[in-house]
Amino acid sequence: MICLGIESTAHTFSCAIIEKRGKNGKILSDVRKIYRPPEGEGIHPREASRHHAEHSPQVLSECLEKADVKITDLDLVSYAAGPGLGPCLRIGAVVARSLSSYYGVPVYPVNHALGHIELGKMLTGAKDPLVLLVSGGHTMILAFLGKRWRVFGETLDITLGQLLDQIGRHAGFASPCGNKIEELASKSSNYEPLPYVVKGNDVSFSGLLSATKRIIPKGLEIACFSLQETAFSMIGEAVERALSFTGKKEFLVVGGVAANKRLSEILQSICDRHDCKFFVSPKEYSGDCGSQISWVGLLEASKKAGSKLEDTFVRQSWRLDTVEISY
Ligand code: AMP
Ligand code: MG
């Protein structure tokens, strides 16, 4: 089975083709174009969707060419139907619907968060992990039980990706800024105390955001180091509690922030203490990409028929714990 997956929930427009053989998938191509707002500014939904609309034909043809696949070879098309920015989601949905109706291939709307998790599992070989999803749109600790991913803990306000991006933008960088923050943090070891807020299994980052802005005058490297140490320790505490409670023997971190080495270091040491196997999504596939959507499309196609065109929705808000897993 060959599936074209389309991702367009936020800053990234991506098309990818995966061929499923048995339980495994081979990524034949994954082409991305990322919308970059002006320095110091966040994503403007209208501008991002304009970017996606302009680049979609080129990304699609490059994706087919790299995979050496013709549109008529596709067995199905899947697209990220939410959660995400409405104007951006619509571009991916329109491309998927057009291909599906013109070429008569089944179409599958996919939950974006599920894409992060399932591709992470496929690429790392994790079977039944406790999952930490940390990205621009999510900060969630999840475990699979009774056909659903259950949320064990989450952020009460902004996500970890937003926290890093907002500090970066405040300092004048172009979003996304997580890797810039990581680079600056690695140049300091001076810790300035910052608010540490864990409530039960949940975390709250908004106070940390304001306080970090206030210490930037002491040095950007000190601020980035202190920010990472505080935020990642908060996440670590929540993860450790979830590991103790669930007794899971595997732990997987996915989402754009999974690319951060210091975060992995902290989480790895927690897993070591709990005799738990640590997995991290490969850096190339931790951020938003079409492969995540393509792979979930293939998993769903193994158990159910595609959606009718009139059911190919987009949803700005679509919590993962409301999705019943069919495969
Ligand atoms: P996603 O929404 O999954 O594409 O993830 C995007 C988020 O990942 C953005 O908030 C980025 O700033 C963040 N990110 C990317 N690379 C890194 C990194 N090396 N360290 C921390 N955050 C990162
Ligand atoms: Mg994402």
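Residues numbered from 1 in each chain as written. Chains lettered and ligands numbered in written order. Predicted model: local features only at pLDDT ≥ 70, side-chain atom pairs only at ≥ 80, totals over all residues. Heavy atoms only, no water.

Caption draft 1: The packing of helix α6 (residues 206-215) against helix α7 (residues 220-246), seen in detail. Where α6 meets α7, the closest approach of the two axes is 9 Å, and the angle between their N-to-C directions is 160°. Here α6 is positioned roughly antiparallel relative to α7, judged by the angle of their axes. Between α6 and α7 lies a crossing whose hand is right-handed. Residue-level contacts link L208, T212 and I215 of α6 to A223, S226, L227, T230, A231 and M234 of α7. Considered class by class, the residues forming the contact of α6 with α7 number six nonpolar, three polar and no charged. (Axes fitted to C-alpha atoms, helices over the stretch in contact; angles between N-to-C directions. Helix = DSSP H or I, 4+ residues; strand = E, 2+ residues; numbered from the N terminus. Parallel < 35°, antiparallel > 145°, perpendicular 65-115°, else oblique. Left-handed = near helix turned anticlockwise from the far one by under 90°. Contact = heavy atoms within 4.5 Å. Nonpolar A, V, L, I, M, F, W, Y, C, P; charged D, E, K, R; others polar.)

Caption draft 2: Representation of the domain arrangement of the chain. If you check the domain split of the chain, you get domain 1 (2-116 + 287-322) and domain 2 (126-285). For domain 1 versus domain 2, the separation of C-alpha centres amounts to 26 Å. Domain 1 puts 22 residues into the contact, and the matching count from domain 2 is 20 residues. Note on domain 1 versus domain 2: buried area summed over both sides is about 1,700 Å², and carbon and sulfur give 58% of it. Ranking the residues of domain 1 by area buried against domain 2 places H116, L320 and D321 at the top, with a combined share of 28%. The interface formed by domain 1 and domain 2 contains one salt bridge. R319 serves as the salt-bridge partner of E154, at 3.1 Å between the closest nitrogen and oxygen. For the pair domain 1 and domain 2, the number of links is six residue pairs in polar contact (both at pLDDT 80 or more). Every element with two or more residues in the side of domain 1 that touches domain 2 is listed here: β3 (24-34), α3 (112-124) and α9 (290-301). (Domains from an automatic or database assignment. Buried area = accessible area lost by both parts, 1.4 Å probe. Salt bridge = Lys/Arg side-chain N within 4 Å of Asp/Glu carboxyl O. Polar contact = N/O pair within 3.5 Å; in protein donor to acceptor, adjacent residues only side chain to side chain.)

Caption draft 3: How the structure looks around the site of ligand 1. Not every one of the 19 residues close to ligand 1 is listed here, only the nearest: D165, G178, E182, G256 and D288. E182 places a polar side-chain atom, nitrogen or oxygen, 2.8 Å from a nitrogen atom of ligand 1. One nitrogen or oxygen atom from the main chain of D288 is found 3.0 Å from an oxygen atom belonging to ligand 1. Computed on the free molecule, ligand 1 has an accessible area of 500 Å², of which 91% lies beneath the protein chains in the complex. Those elements that provide at least two residues to the shell around ligand 1 are α4 (160-170) and α5 (178-185). Of the residues contributing to the shell around ligand 1, the split by class is five nonpolar, 11 polar and three charged. (Near = heavy atom within 4 Å. Areas by Shrake-Rupley, 256 points an atom, 1.4 Å probe, with all protein chains shown as cover.)

Caption draft 4: The pairing of strand β7 (residues 139-145), seen in detail. The buried fraction of β7 is high, at five of seven residues. One ladder, built from four bridges, connects strand β6 (residues 130-134) with β7; its direction is antiparallel. Of the residues in β7, the one forming a bridge with V134 is T139. Adjacent in sequence and paired antiparallel, β6 and β7 are bridged by four residues. Here six bridges tie β7 to strand β8 (residues 148-154), and the two strands are oriented antiparallel to one another. Bridge pairing in β8 places A143 opposite R150. The turn joining β7 and β8, which pair antiparallel and follow one another in sequence, is formed by two residues; a positive phi near 55° is taken by G146. (Buried < 20%, exposed > 50% of the residue type's maximum accessible area, 1.4 Å probe, protein only. Pairing = 2+ DSSP bridges.)

Caption draft 5: Fine view of the nonpolar core. Among the nonpolar cores identified, the biggest contains 45 residues, and L4, I6 and I17 are the most heavily contacted of them. Three or more residues apiece are contributed to this core by two domains, here domain 1 (2-116 + 287-322) and domain 2 (126-285). Not counting residues within four places of it along the chain, the set of residues in contact with I6 comprises F13, S14, C15, V77, S78, Y79, A80, G92, V95, A96 and I293. (Core = buried A, V, L, I, M, F, W, Y, C linked by side-chain atoms within 4.5 Å.)

Caption draft 6: Expanded view of the coordination of the magnesium ion (ligand 2). Here the magnesium ion (ligand 2) is held by H112 (NE2), H116 (NE2) and D288 (OD), and the distances to it run 2.1 to 2.3 Å. Accessibility expressed as a relative area gives 4% for H112, which makes it buried. (Donors = N, O, S within 2.8 Å, 3.2 Å for Na, K, Ca; no water.)

Caption draft 7: A look at the pattern of salt bridges. For the structure on display, the rule yields 18 salt bridges. The closest approach of N and O atoms between E47 and R46, which form a salt bridge, is 3.0 Å. Among the ionic pairs, R262 bridges to E229, the shortest N-O distance being 2.8 Å. You can see R262 sitting in helix α8 (residues 261-273) and its partner E229 sitting in helix α7, a full 33 residues away along the chain. Classification of R262 as partly exposed rests on a relative accessible area of 26%. On the basis of relative accessibility, which here comes to 14%, the residue E229 falls in the buried class. It is possible to trace a salt-bridge network through shared partners that takes in R46, E47 and R50.

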